[in-house]
Amino acid sequence: MCGILAVFGCVDSSHSKRSRIIELSRRLRHRGPDWSGLHCYQDCFLAHQRLAIVDPASGDQPLYNEDKTVIVTVNGEIYNHKALREGLKNHQFRTGSDCEVIAHLYEEHGEDFVNMLDGMFSFVLLDTRDKSYIAARDAIGITPLYIGWGLDGSVWFASEMKALSDDCERFMSFLPGHIYSSKTGEIRRWYNPPWYSEDIPSTPYDPLVLRRAFEKAVTKRLMTDVPFGVLLSGGLDSSLVAAVASRYMLDSEAACQWGSQLHTFCVGLKGSPDLKAAREVADYLHTRHHEFHFTVQEGIDALEEVIYHIETYDVTTVRASTPMFLMSRKIKSLGVKMVLSGEGSDEIFGGYLYFHKAPNKEEFHQETCRKIKALHLYDCLRANKSTSAWGLEARVPFLDKEFIDVAMSIDPEWKMIRPDLKRIEKWILRHAFDDDQNPYLPKHILYRQKEQFSDGVGYSWIDGLKDHANQQVTDAMLLKASYIYPENTPTTKEAYYYRTIFEKFFPKNAARSTVPGGPSVACSTAKAMEWDASWSKNPDPSGRAALGVHESAYEESKA
Amino acid sequence: MCGILAVLGCSDDSQAKRARVLELSRRLKHRGPDWSGLYQYGDSYLSHQRLAVVDPDSGDQPLYNEDEKIVVTVNGEIYNHEELRKSLPNHKFRTGSDCDVIAHLYEEHGENFVDMLDGVFSFVLLDTSDNSFLAARDAIGITSLYIGWGLDGSIWISSEMKGLNDDCEHFEAFPPGHLYSSKRGGLKRWYNPTWFSEAVPSAPYDPIVLRNAFENAVVKRLMTDVPFGVLLSGGLDSSLVASIAARHFAGTKAAKLCETQLQSFCVGLEGSPDLKAGKEVADYLGTAHHEFHFTVQDGIDAIEDVIYHIETYDVTTIRASTPMFLMSRKIKSLGVKMVISGEGSDEIFGGYLYFHKAPNKEEFHRETCQKIKALHQYDCLRANKATSAWGLEARVPFLDKEFINVVMSIDPEWKMIKPEEKRIEKWILRKAFDDEEHSYLPKHILYRQKEQFSDGVGYSWIDGLKAHAELHVSDKMMLNAPNIFPHNTPATKEAYYYRMIFERFFPQKSAILTVPGGASIACSTARAVEWDASWSSNLDPSGRAALGIHDSAYETKLSSTVNTNLATKIVDTVPQMMERSSTQVTIQS
């Protein structure tokens, strides 16, 4: 990942403004520790902090077209950049960077090229010929982006809120799959796949098609010139990513330079379920596995920093981000710059436990669509920002554009959880990789129910967080919460605690509005709360016990 | 390097205080990006930000003795740790960290163990059995360290000023070679070598002894479990370091970690003298050489960040730190965590050009002693903080304790510059490595006079800085400078500009006092200004032109032939008050 910041049309273009932009851009330096660049054109500034993953030697940004009339600052990876370059035969490229293609595509196609990009990206492009500019964000919002407006009439774009929150009168998340054009002054959606309408699809399930699509999604993400690895929690999703990555490792660019043994990483409290599960998978796949242990105290000590980095007060996101944040620091310290991660699978396949209660395939499908659309506020935000805090890049093959199209065109009847047919959650994914001849994973791993992320790192993690919050937040404080925080009022001491930290770093109204709220059980949308009347009574968002659908919960209640 | 912060006896053990210490410790995160640790014992806090260079897997800090009664947070490298471990056979070590030995030495020897450590270090040790603590800094001050006092009676120790300046009523640089003991309640110098008295030594010069001492100094600094390299500007000092490191590279752990060649690094504006010289040496030694080019604008854009990191407003230090700061970022991005660098040689051998005018060997020697004692404020500060800003560690073999002892015991008559005997500056060092059979460097490199650091990166660098300062500091501002900045009043617009930035980050009076000032010419101490009457009458002497002792300056005067173009260009563009990193050019008008 990299960090971008762009400011257009500020009244002041003095040296002190330049210094200010540099200072603000430094707030994103964790995202791109390797180098920085600033392009200044009249009253426009494009700043960049670079993490060098492709072409470390020459790909410093901003990037330009041939005659430098088009300038672009990009945070992202364009996986099909070589194919796109071939389609631009008459263009001369200045660097080997995958992102340079953006300037040339714009020259060739104007504003309508964004859907040609296969990858994850946020970019801002300035055309000095008519002083117009565009900004765009990838389909799902894997990379973060914010837009803001200054009192002086300036428009701001930044990878993280912290770079613009102090200088903008108002700001908000830049919607995923959208493009802003200065010519019209409008934000419009460029991403328009069939599933977006939430109509119920009818394609029959074909395991091989699904498998191929996912393998392709993983292999294209092995494009890198630096050491990389896989986050392996031992659950289905990360295990599949690791299995596919290690299988195709030999053919990848990276293997030529870094050896053919895949590195895998797992984090947890000592003795946690994830550590055990991941070790098992790593042994099976013969990866070079690294375990990181943290203590509850270390996690608590990191909370302020985590919230500063991930820019949310959403309880489950903070809980899950903290171990990931700690692990990212350790991974980075080993010299690894990029990791593959399993986010997105639960949304696409309806893998959360509450999907057990989906009343019919229509509701099931619509909920998956809603979940994917909200990913940028939750798991994408977490995966991106808790790794980027340490200059580590997370790539998420489940959120590959083509793979989503395939998975979301399948008749949702197949995704429904059917204990009667022995179909547990994400059955179609499991089944797609159930290859007896050349197994990707042992059966018991392929068909095992995973701990929800924050539980997996160790059961005492969440208990420890709650205890800590209980010590810091009094009953009286919680009682007055609705007056202090009328918007998204915290309902638990833990939520209240995170909120106070968030407000310390980001005190503006606009900041708190970037974080979603509303009722939820175990990560459901508010709409899905209607599936079971009993859910609305339990405010705990983790819902290990609340749902009573995890097999081990069944067993507990039997015992 | 790592970052340490200790708060001792602050009468506050609340969660809020813990959170505050964590927040302050994060200001040192650049020094140790790999992991962090915080140990709390009552109202005392020891925190650590770690750069893992030795034993990355288990050496997280703070470190403990067997029964966890003694807790230590260390920034440093102990080169003789294996030997020291052997001297403690009845002790059980918890980690492979080189710093682990400190807690055990304390257990064994009490407070009097610091001189046993061979290396660079700053540490704070807390003995929970009687709630006493120690803090110490290495002999020369290669690692940075500050000490502060809070209104609540607390004592603060921090690797950088930014870790304590907002919470202390008063703070100072922790003097190098000293030990603070809570039991005694004060500082005591533990470093007490023969040369410290500044008495003139008499050992005869033996080239082989000198060579062996320096080789040892370099070799012991190859101890690391991670990828490393050398900073190679192409001058004598860095070239010797690179040459020896390349010779011994095959035996290092880094070599076993799949590296095939020693990596070397050089920074400069495009076409700069250093880039050319660095490349030449790298080609000769066969290193994997990396060049980094920066533009004057890149440098100017980084100035604020540089001053925030290096915590000084000293003009030459800032000039020299900026290219080093930019290069460090690039080096780190290549996955390199440690570099070996050539600082200290000019001080030990009297390598600065003004030493040509030393009137006698006594003055010469006394000046070298003074320069070494001041290193922690200049080149050590630069080399440590400009690299640590990006989690890169710089090791400086010329400042090896044993090596200094050898060099500083030599009769200074040998160090004197004697053109009539063809002895240019640092001749005894050059001569020591003049090995016909197995040459370390080609002769013309071994005997070449080097550009002073800030010149070497490109002649337009300092001009660019001055032009930039000129734009942002008006004549009126300069007129009022003595009133605004009564202490160390900036004498130039450039100095004023840096000072403004410094005071924005570090507004406290204590902070201003940590930076040295006073009269100087071309990096001399105030006393050496007396060596030449013309120096003190020339208020803003251009180093090389005023000194008139660099070979190329001689040539400029003498000839109008081949050299003229180059030499004229140098004279025209050489900034006034040039010179390498440590000047105190605040001669008041």
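Residues numbered from 1 in each chain as written. Chains lettered and ligands numbered in written order. Predicted model: local features only at pLDDT ≥ 70, side-chain atom pairs only at ≥ 80, totals over all residues. Heavy atoms only, no water.

1. A few points about the pattern of salt bridges
- One pass over the structure, following the stated rule, counts 93 salt bridges over all chains.
- Put simply, Lys220(A) and Glu402(A) hold a salt bridge, and the shortest N to O gap is 3.5 Å. In this pair, Lys220(A) sits in helix α4 (residues 207–220) while Glu402(A) sits in helix α13 (residues 401–408), placing the two residues 182 residues apart along the sequence.
- Owing to a relative accessible area of 16%, Lys220(A) belongs among the buried residues under this scheme.
- Since its relative accessible area comes to 38%, Glu402(A) is described here as partly exposed.
- For Asp166(B), the salt bridge goes to Arg27(B), with nearest N and O atoms at 3.1 Å. Residue Asp166(B) is found in the loop between β9 (155–158) and β10 (170–173), and its partner Arg27(B) is found in the loop between α1 (15–26) and β2 (35–41); the two are separated by 139 residues along the sequence.
- For Arg27(B), a relative accessible area of 23% puts it in the partly exposed group.
- Through salt bridges with shared partners, a single ionic network connects Asp118(A), Lys216(A), Lys220(A), Arg221(A), Asp400(A) and Glu402(A). (Salt bridge = Lys/Arg side-chain N within 4 Å of Asp/Glu carboxyl O. Helix = DSSP H or I, 4+ residues; strand = E, 2+ residues; numbered from the N terminus. Buried < 20%, exposed > 50% of the residue type's maximum accessible area, 1.4 Å probe, protein only.)

2. Thoughts on the UniProt feature "site: Important for beta-aspartyl-AMP intermediate formation" (unreviewed entry) in chain A
Residue and element names in this part refer to chain A.
- Following the UniProt record, one finds the feature "site: Important for beta-aspartyl-AMP intermediate formation" (unreviewed entry) at Glu-343.
- As for its placement among the helices and strands, Glu-343 is situated in the loop between β16 (338–340) and α10 (345–349).
- Those residues in contact with Glu-343 that lie beyond four places of it in its chain are Met-324, Asp-379, Arg-382, Ala-383, Val-396, Phe-398 and Leu-399.
- One polar contact links Glu-343 to Ser-341, side chain to side chain, over a distance of 2.5 Å. (UniProt positions renumbered as here; feature names shortened; annotations may be inferred. Contact = heavy atoms within 4.5 Å. Polar contact = N/O pair within 3.5 Å; in protein donor to acceptor, adjacent residues only side chain to side chain.)

3. Quick notes on the interface of chain B and chain A
- Between chain B and chain A, the contact holds 29 residues from the first and 30 residues from the second.
- In total, chain B and chain A occlude about 2700 Å² of area from one another, counting both sides; carbon and sulfur atoms represent 44% of this.
- One can count eight salt bridges joining chain B with chain A.
- Between the two partners, chain B and chain A, sit 21 residue pairs in polar contact (both at pLDDT 80 or more).
- Within the residue set of the side of chain B that touches chain A, elements represented by two or more residues are α1, β2, α8 (296–310), α9 (315–333), α17 (460–472) and α20 (493–505) of chain B. (Buried area = accessible area lost by both parts, 1.4 Å probe.)

4. Points about helix α20 (residues 493–505) of chain A
Residues and elements named next belong to chain A.
- An ideal rise of 1.5 Å per residue puts 18 Å on 13 residues; α20 measures up with 19 Å between its terminal C-alpha atoms.
- Of all 13 residues that make up α20, ten are buried, and the element is covered over most of its length.
- By the burial criterion, the buried members of α20 are Lys-493, Glu-494, Ala-495, Tyr-496, Tyr-497, Tyr-498, Arg-499, Ile-501, Phe-502 and Glu-503. (Expected span 1.5 Å × (residues − 1).)

5. Regarding the confidence of the model for chain A
- In the predicted model, chain A carries a mean pLDDT of 92, and 94% of its residues have values of at least 70.
- Across residues 553–559 of chain A, where pLDDT falls below 50, the model places three contacts with residues more than four positions away in sequence or in other chains. (pLDDT = per-residue confidence, 0-100.)

6. Digging into the sheet that holds strand β2 (residues 35–41) of chain A
Residue and element names in this part refer to chain A.
- Overall, antiparallel pairing links the six strands, which are arranged β2-β3-β1-β9-β8-β10 in an open sheet. Looking along the sheet, the strands with just one partner apiece sit at the ends: β2 and β10 (170–173). Each strand axis lies, on average, 10° off the axis of its neighbour in the sheet, ignoring direction.
- The sheet contact formed by strand β1 (residues 3–8) and strand β3 (residues 44–50) spans five bridges and is antiparallel. Pairing of Gly-3 across the sheet is with Gln-49, part of β3.
- Across the sheet, helix α1 (residues 15–26) is in contact with β1, β2, β3 and β9 (155–158); its angle to β3 comes to roughly 30°. (Pairing = 2+ DSSP bridges. Axes fitted to C-alpha atoms, helices over the stretch in contact; angles between N-to-C directions.)

7. Topic: the UniProt feature "binding site: ATP" (unreviewed entry) in chain A
All names here are of chain A.
- Sequence positions flagged by UniProt for "binding site: ATP" (unreviewed entry) are, in local numbering, Leu-231, Val-267, Ser-341 and Gly-342. On the basis of their most widely separated C-alpha atoms, the annotated residues across 112 residues gather in one place, lying no more than 14.4 Å apart.
- Structurally, Leu-231 can be placed in strand β13 (residues 228–231).
- Classification of Leu-231 by relative accessible area gives buried; the value is 8%.
- In this structure Leu-231 touches Ser-238, Phe-265, Met-324, Met-327, Ile-331, Val-339, Leu-340 and Ser-341, once residues within four positions along its chain are discounted.
- Relative to the helices and strands, Gly-342 is located in the loop between β16 and α10.
- Other than its neighbours up to four places away in sequence, Gly-342 contacts Asp-237, Val-241 and Phe-398.

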